[in-house]
Amino acid sequence: MLGVFSAMEISASGLTAERVRMNTIASNVANANTTRTAGGGTYRRIDPVFEAELVRTQAGVPDPGAGAVGASLVRVARIVEDPRDGRLVYEPGHPDANPEGYVEYPNVNVVEEMVNMLTASRAYEAGVTSLESVKAMAKSAIEIGR
Amino acid sequence: MLDLYAGVTHLGQALDYHLERHNVLASNVAHVDTPGYHPRDLARVEQSSAFGEALGVALARTDASHLGAAGGGAEVTGRIFTDDSGGGGADGNHVTLEREAGKLAANQLRYDVVSALVSSELRGLLFAATDGKGG
């Protein structure tokens, strides 16, 4: 059955995905000047890749009702690194400077991250609103015939 | 003999089930930061009445040798199962806050629906008991 409760599950998956995006943005902003990572080298900004996933029933099989209308959950497929180059800053005294005296700083643009943060937080709010309105619809359905 | 409260009894069991499930889901939310925690959920295992079937909260009879469901005042029992479909974090915790919140809200709505049915059932009885003057 694809009904009220599938819609709530779909909204919830969207909220989770946006929260993951928020985490990556926080990581990018926090590491905007990080020149050392566990993998070696400068920090590279990360982005989540979202993918659609069919709504599943409690038994774990794809919900036929959901497939018929194409309703899908969203999930984070993977986290990818941004391939763009970092900015080079001439700082000969920096311990991570290359032989020419340049330090490669992360390819994080704080303004870009702020914009992403706004869209993530608005998308989260939109998800909450859709969840709330699904709840309101179900509540008013109970009122029918009272 | 026709039981006056037959309908209400079955609906009462549905209310019990949803209350119990609420407790299980609330416990998942409480463990949102517990490393290695796997969220649990409560599945309804016994089809006790046609009401349950209509509400979509009961499981179907899968074998002919299962006890008949109709008319029996059998206790509704839930089965606890682990629901890891939300995906796990690096600490082995599989709780997804939004998913649990959504489940809680859906469960509450189901409770509200059943509760509205109970009220209407009881109003019907009151109407009959007061010769059509009350309710």
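Per-chain numbering applies: the sequence of each chain, read as written, is numbered from 1 onward. By the order in which they are written, chains take letters starting at A while ligands take numbers starting at 1. Only residues with pLDDT of at least 70 get local features here, since the model is predicted, and only at 80 or more are side-chain atom pairs given and counted; chain-wide, interface and lining totals rely on the full set of residues. Calculation of side-chain values draws on the structure's entire complement of heavy atoms; hydrogens and water are dropped beforehand.

Caption draft 1: Spotlight on the side chain of Asp83(B). All names here are of chain B. The helix count covers DSSP runs of H or I at least four residues long, the strand count covers runs of E at least two residues long, and both are numbered beginning at the N terminus. Within the secondary structure layout, Asp83 lies in the loop between strand 2 (78–82) and helix 3 (97–129). Counting of polar contacts relies on pairs of N or O atoms within 3.5 Å, with two restrictions inside protein: one atom must be capable of donating a hydrogen and the other of accepting it, and residues adjacent in sequence are counted only when both atoms are side-chain atoms. Among the polar contacts made by the side chain of Asp83, one reaches the side chain of Lys103 at a distance of 2.6 Å. Whether two residues touch is decided by their heavy atoms; if any such pair falls within 4.5 Å, the residues are in contact. When residues no more than four places from it in sequence are discounted, the contact partners of Asp83 are Pro39, Asp41, Arg99 and Lys103.

Caption draft 2: The arrangement of the nonpolar core in detail. Counting residues in hydrophobic clusters, the biggest one holds eight residues: Met8(A), Leu15(A), Leu131(A), Val134(A), Ala138(A), Ala105(B), Ala106(B) and Leu109(B). Breaking this core down by element, the ones donating at least two residues are helix 1 (4–30) and helix 3 (110–143) of chain A together with helix 3 of chain B. Those residues within four positions of Leu131(A) in sequence are excluded, and the remaining contacts are Met8(A), Ser11(A), Ala12(A) and Leu15(A). Throughout this description, the term nonpolar core refers to a set of buried Ala, Val, Leu, Ile, Met, Phe, Trp, Tyr and Cys residues connected via side-chain atoms within 4.5 Å. Burial status follows relative accessibility: with a 1.4 Å probe on protein chains alone, a residue under 20% of its type maximum counts as buried, one over 50% as exposed, and anything between as partly exposed. Counting six residues, the second-largest nonpolar core is a separate cluster that includes Ala14(B), Leu15(B), Val114(B) and Val118(B).

Caption draft 3: Structural detail: the interface of chain B and chain A. Listed per partner, the contact involves 15 residues of chain B and 15 residues of chain A. Values labelled buried area give the accessible surface lost by two parts on being combined, using a 1.4 Å probe and summing over both. Together chain B and chain A conceal approximately 1300 Å² of surface at their shared face, both sides included; 66% is due to carbon and sulfur atoms. For this analysis, a salt bridge means a side-chain nitrogen from Lys or Arg found within 4 Å of a carboxyl oxygen belonging to Asp or Glu. Residues Glu98(B) and Arg19(A) are paired through a salt bridge, measuring 2.6 Å at the closest nitrogen-oxygen approach. In this structure, the connection of chain B to chain A is made through three residue pairs in polar contact (both at pLDDT 80 or more). Of all the secondary structure elements, the ones that give two or more residues to the side of chain B that touches chain A are strand 1 (40–44) and helix 3 of chain B. Of the residues forming the side of chain B that touches chain A, the biggest block, 11 residues, is contributed by helix 3 of chain B. Residues are grouped as follows: Ala, Val, Leu, Ile, Met, Phe, Trp, Tyr, Cys and Pro are nonpolar; Asp, Glu, Lys and Arg are charged; all remaining types, including Gly, are polar. Of the residues contributing to the side of chain B that touches chain A, the split by class is eight nonpolar, two polar and five charged.

Caption draft 4: Summary view of the pattern of salt bridges. Tallied over the full model, the rule gives 17 salt bridges over all chains. The shortest N-O distance in the salt bridge between Asp82(A) and Arg45(A) comes to 2.7 Å. On the criterion of sequence distance, the pair formed by Asp82(A) in the loop between strand 2 (72–81) and strand 3 (87–90) and Arg45(A) in the loop between helix 1 and strand 1 (46–54) is long-range, its members being 37 residues apart. In this structure, Asp82(A) and Arg45(A) share a single accessibility class: buried. One salt bridge in this structure joins Asp83(B) and Lys103(B), with 2.6 Å as the shortest N-O distance. In this pair, Asp83(B) is assigned in the loop between strand 2 and helix 3 and Lys103(B) in helix 3, connecting sequence segments 20 residues apart. On the basis of relative accessibility, which here comes to 12%, the residue Asp83(B) falls in the buried class. Its relative accessible area of 12% is what places Lys103(B) among the buried residues. Taken together, the shared-partner salt bridges connect Glu9(A), Arg21(B), Asp41(B), Asp83(B), Arg99(B) and Lys103(B) into one network.

Caption draft 5: View of the environment of Thr34(A). Residues and elements named next belong to chain A. Among the secondary structure elements, Thr34 is positioned in the loop between helix 1 and strand 1. Separated by 10 residues in sequence, Thr34 and Arg44 have C-alpha atoms that sit 9.0 Å apart. A polar contact of 2.8 Å, which involves the side chain of Thr34, links it to the side chain of Asn31.

Caption draft 6: Seen up close, the confidence of the model for chain A. How sure the predictor is of each residue is captured by pLDDT, a score from 0 to 100. Per-residue pLDDT for chain A averages 88, and the proportion of residues at 70 or more is 88%. Put simply, helix 2 (residues 64–69) of chain A is where chain A has its lowest mean pLDDT, 58, and strand 4 (residues 102–105) of chain A is where it has its highest, 94.

Caption draft 7: Looking closely at the packing of helix 3 of chain A against helix 3 of chain B. Axis lines are fitted through C-alpha atoms, for helices just across the contact stretch, and the angle between N-to-C directions can take any value from 0 to 180 degrees. Between helix 3 of chain A and helix 3 of chain B, whose axes approach to 9 Å, the crossing angle comes to 10°. The angle between helix 3 of chain A and helix 3 of chain B falls in the class roughly parallel. Seen from helix 3 of chain A, the contacting residues are Tyr124(A), Lys135(A), Ala138(A), Lys139(A) and Ile142(A); seen from helix 3 of chain B, they are Glu98(B), Ala105(B), Leu109(B), Asp112(B), Val113(B) and Ala116(B). Here the contact of helix 3 of chain A with helix 3 of chain B is composed, by residue class, of seven nonpolar, no polar and four charged. Oblique is the label for any angle not covered by the other classes, which are roughly parallel (under 35 degrees), roughly antiparallel (over 145) and roughly perpendicular (65 to 115).

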